[in-house]
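Given next are the chains, with one letter for each unit.
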Amino acid sequence: MSILVTGGAGYIGSHTAVELLQAGYDVVIVDNLSNARADVIDRIEKITGRRPAFYHASCADPKELERIFSRHTIDAVIHFAGFKAVGESCRKPLQYYRNNLDSTLCLLEAMERFGCRRLVFSSSATVYGMNNPVPYVETMPALSSSSPYGWTKVMNERILTDYAAVHPDASVILLRYFNPIGGHASGLLGDDPNGIPNNLMPYVCRVAAGQLEKLTIFGNDYPTPDGTCLRDYLHVVDLAKGHLRALDYAGTHPGVEAINLGTGKSVSVLELVRAFQNATGVRVPYVMGPRRDGDLPEVWADCSKAKRLLGWQTELDMEEMCRSAWNFVKRHEA
Ligand code: UD1
């Protein structure tokens, strides 16, 4: 069975490609490498002993998609391709809307033309917006977000839902990720953002590596036990495995399902920093700073639907998340 993985050279895409190849799927990756390195394909091969087909192309390019769908019999698509930096999306909203919506539209048009009806979409907890109480449950309104990036997730969920409504044989799974961190056990894959990281764990790793001087914790006056924000961090390998379960489920269940992927547990910024120091033995200097615009005090998942429908739950703990994130950064530096 052949799976097209858009954005398959990126952080979550590459880990998912590994799990797919190891489970015996054929994998076709399309990635324009706007936020990923070409040698990720070599690393995927090194881990799995199998090389995915790779197209260095944009999935918002209909001609490239035509070429890919003509050459391969694509049975299902996992759609990761998209810009993902929250702050940048506020400065460049048009680029975000153009890129993240065009890619989905072009992909759906190609799938429609070639009769491919199974799609797993990389969505985000950000679709729950600013007003739902935690833990987030899939039945809550998920119709707004705090940034253009987040709005592209809301809008893509809508586009995919409308698409499925006119294709009764289509199955679409909207996977709403909470905060994926960590890397592959081999140390060959991990979160490797261009420039100064926005997200917490890559920032912590760069401070630990001495590339950045110190972490600024954005706010310690939130109504939480230690005053810092609470998030639901999950291991990227657990998350990748969730995609395989979703693919299986989609194979036998037409329609649309939104499913949270998280641990169901909340961890504060300070707890994460301490867990990192304990797991790696490396000090992470930090200072307290002002709150960051758009941050919510607490975000975590109700994960019972993933367990019920997909038989999925996380297996790897915070120590493993920190160790594997650091292992990747250390190897990568050398
Ligand atoms: C954000 C997005 C989410 C997206 C995810 C990964 C929103 C509301 N959330 O999640 O949709 O999927 O990024 O791209 O759009 N922090 C610090 N110092 C730092 C960096 C972060 O204290 O230098 C804190 C933040 O205030 C937050 C926590 O760490 O409390 C996690 O931040 P981050 O990793 O950026 O993820 P989210 O904002 O939760």
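Structure report, in brief. Computed from a predicted model, the values in this text were never measured in an experiment. (Residues numbered from 1 in each chain as written. Predicted model: local features only at pLDDT ≥ 70, side-chain atom pairs only at ≥ 80, totals over all residues. Heavy atoms only, no water.)

### Description of the overall build of the chain
When helices and strands are tallied, the chain shows 11 helices and 13 strands. Expressed as lengths along the three principal axes of its C-alpha atoms, the size of the chain is roughly 55 × 45 × 40 Å. Within the chain, buried positions represent 57% of all 334 residues. Considering only contacts in the chain between residues 6 or more positions apart, those separated by 24 or more positions represent 78%. For the chain, the exposed surface amounts to about 14,300 Å²; the carbon and sulfur share of it is 49%. Within the chain, the 37 negative side-chain charges are centred at a point lying 2 Å from the centre of the 34 positive side-chain charges. (Helix = DSSP H or I, 4+ residues; strand = E, 2+ residues; numbered from the N terminus. Buried < 20%, exposed > 50% of the residue type's maximum accessible area, 1.4 Å probe, protein only. Contact = heavy atoms within 4.5 Å. Areas by Shrake-Rupley, 256 points an atom, 1.4 Å probe, with all protein chains shown as cover. Lys, Arg positive; Asp, Glu negative; His and termini not counted. Charge placed at Lys NZ, Arg CZ, Asp CG, Glu CD.)

### A short note on the pairing of strand S5 (residues 118-124)
The side chains of a regular strand alternate, residue by residue, between the two faces of the sheet. The element S5 is extensively covered by neighbouring structure, given that 7 of its 7 residues are classed as buried. Neither face of S5 is open: one carries Arg-118, Val-120, Ser-122 and Ser-124, the other Leu-119, Phe-121 and Ser-123, and all of them are buried. Sheet analysis places strand S4 (residues 76-79) next to S5, joined by 3 bridges and oriented parallel. Among the inter-strand pairings, Val-77 is bridged to a residue of S5, identified as Leu-119. (Pairing = 2+ DSSP bridges.)

### Some remarks on the site of the ligand
Surveying the vicinity of the ligand reveals 21 residues, the closest of which are Leu-200, Thr-216, Phe-218, Arg-231 and Asp-295. Measuring from an oxygen atom of the ligand, one finds a side-chain N or O atom of Thr-126 at 3.4 Å. Between the ligand and Asn-199, the relevant distance is 3.0 Å, taken from an oxygen atom to a side-chain nitrogen or oxygen of the residue. Sorting the residues of the shell around the ligand by element identifies helix H7 (200-208) and strand S8 (215-218) as the ones contributing at least two each. It is S8 that provides the largest number of residues to the shell around the ligand, a total of 4 residues. For the shell around the ligand, the class distribution of residues is 10 nonpolar, 7 polar and 4 charged. (Near = heavy atom within 4 Å. Polar contact = N/O pair within 3.5 Å; in protein donor to acceptor, adjacent residues only side chain to side chain. Nonpolar A, V, L, I, M, F, W, Y, C, P; charged D, E, K, R; others polar.)

### Side note on the nonpolar core
Among the nonpolar cores identified, the biggest contains 41 residues, and Ile-3, Leu-20, Ile-173, Leu-175, Leu-247 and Leu-261 are the most heavily contacted of them. Top contributing element to this core by residue count: helix H8 (residues 236-252), with 8 residues. Contact partners of Leu-247, with chain neighbours within four places excluded, come to Ile-3, Leu-20, Tyr-25, Ala-76, Ile-78, Arg-118 and Val-120. (Core = buried A, V, L, I, M, F, W, Y, C linked by side-chain atoms within 4.5 Å.)

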